Amino acid sequence: MNPPRTALRSTAIIISKVGADKNAMALCRGVLREHGKLIINLTVEDICAMLQMRDEATDHNSVLTDYVDKMLMELEP
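Keep in mind it's a predicted model, so treat the numbers as computed, not measured.

Turning to the side chain of Arg 29, a few remarks are in order. Tracing the sequence through the fold places Arg 29 in helix 1 (residues 22-35). Arg 29 sits in the buried class, given a relative accessible area of 16%. Not counting the four nearest positions on each side in its chain, Arg 29 is found in contact with Met 71, Glu 74, Leu 75 and Glu 76.

Where helix 2 (residues 44-55) meets helix 3 (residues 62-73), the closest approach of the two axes is 9 Å, and the angle between their N-to-C directions is 135°. Judged on the interaxial angle alone, helix 3 and helix 2 are oblique. Note on element contacts: helix 3 touches helix 2 through Ser 62, Val 63 and Leu 64, opposite Asp 46, Met 50 and Met 53. A breakdown of the residues in the contact of helix 2 with helix 3 according to their chemical character gives four nonpolar, one polar and one charged.

The biggest cluster of nonpolar side chains holds 11 residues, and these are Met 25, Cys 28, Val 31, Leu 32, Leu 38, Ile 39, Ile 40, Leu 42, Tyr 67, Val 68 and Met 71. Listing elements by their share of this core, those giving two or more residues are helix 1, strand 2 (37-43) and helix 3. When residues no more than four places from it in sequence are discounted, the contact partners of Leu 38 are Arg 9, Ser 10, Thr 11, Ala 12, Leu 32, Val 68 and Met 71.

With respect to the helices and strands, the residue His 35 is situated in helix 1. On the accessibility criterion, His 35 (53% relative accessible area) is exposed. C-alpha of His 35 to C-alpha of Arg 9: the two residues are 26 residues apart in sequence and 9.6 Å apart in space.

On the surface, Ile 13, Ile 15 and Val 44 cluster together into a nonpolar patch covering about 270 Å² of accessible area. When you line up the elements, Ile 13 lands in strand 1 (residues 10-16).

Here we come to helix 1. The terminal C-alpha atoms of helix 1 lie 20 Å apart, and with 14 residues this matches the ideal 20 Å at 1.5 Å per residue to within 8%. Those residues of helix 1 that fall on the buried side of the exposure criterion are Met 25, Cys 28, Arg 29, Gly 30, Val 31 and Leu 32. Of the residues that open helix 1, the one with a side-chain oxygen 3.3 Å from the backbone nitrogen of Asn 23 is Asp 21.

The next point concerns the packing of helix 1 against helix 3. For any two helices packed against each other, the geometry comes down to the angle between their axes and how far apart the axes lie. Close contact between helix 1 and helix 3 brings their axes to 10 Å; oriented N to C, the two are set at 75°. Taken together, the axes of helix 1 and helix 3 lie roughly perpendicular to each other. In this structure, helix 1 uses Met 25, Cys 28, Arg 29 and Leu 32 to contact helix 3, whose residues at the interface are Tyr 67, Met 71 and Leu 72. Its residues assigned to classes, the contact of helix 1 with helix 3 comprises six nonpolar, no polar and one charged.

Cut-offs applied
- Residues numbered from 1 in each chain as written.
- Predicted model: local features only at pLDDT ≥ 70, side-chain atom pairs only at ≥ 80, totals over all residues.
- Heavy atoms only, no water.
- Helix = DSSP H or I, 4+ residues; strand = E, 2+ residues; numbered from the N terminus.
- Buried < 20%, exposed > 50% of the residue type's maximum accessible area, 1.4 Å probe, protein only.
- Contact = heavy atoms within 4.5 Å.
- Axes fitted to C-alpha atoms, helices over the stretch in contact; angles between N-to-C directions.
- Parallel < 35°, antiparallel > 145°, perpendicular 65-115°, else oblique.
- Nonpolar A, V, L, I, M, F, W, Y, C, P; charged D, E, K, R; others polar.
- Core = buried A, V, L, I, M, F, W, Y, C linked by side-chain atoms within 4.5 Å.
- Patch = residues over 30% accessible without salt bridge, like charges linked within 9 Å, V, L, I, M, F, W, Y side chains within 5 Å.
- Areas by Shrake-Rupley, 256 points an atom, 1.4 Å probe, with all protein chains shown as cover.
- Salt bridge = Lys/Arg side-chain N within 4 Å of Asp/Glu carboxyl O.
- Expected span 1.5 Å × (residues − 1).
- Polar contact = N/O pair within 3.5 Å; in protein donor to acceptor, adjacent residues only side chain to side chain.

Nothing here speaks to function; it is geometry throughout.
Structure below.
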């Protein structure tokens, strides 16, 4: 018997120098669609931008929010 689904997801954050290629992104979308697990691929530039935004007292979480929104909008049924 499968446990009931909740609003919380299993999440992984991967930080790489150059980011994910198209095959890696397709895999991430498949894992999200099939298993409900979210994999966030960030680059070093993304982390630097988030740190800069935090120093400037702006919404540094918007980088993550934008990534997740884009991932969910591109998800095929």
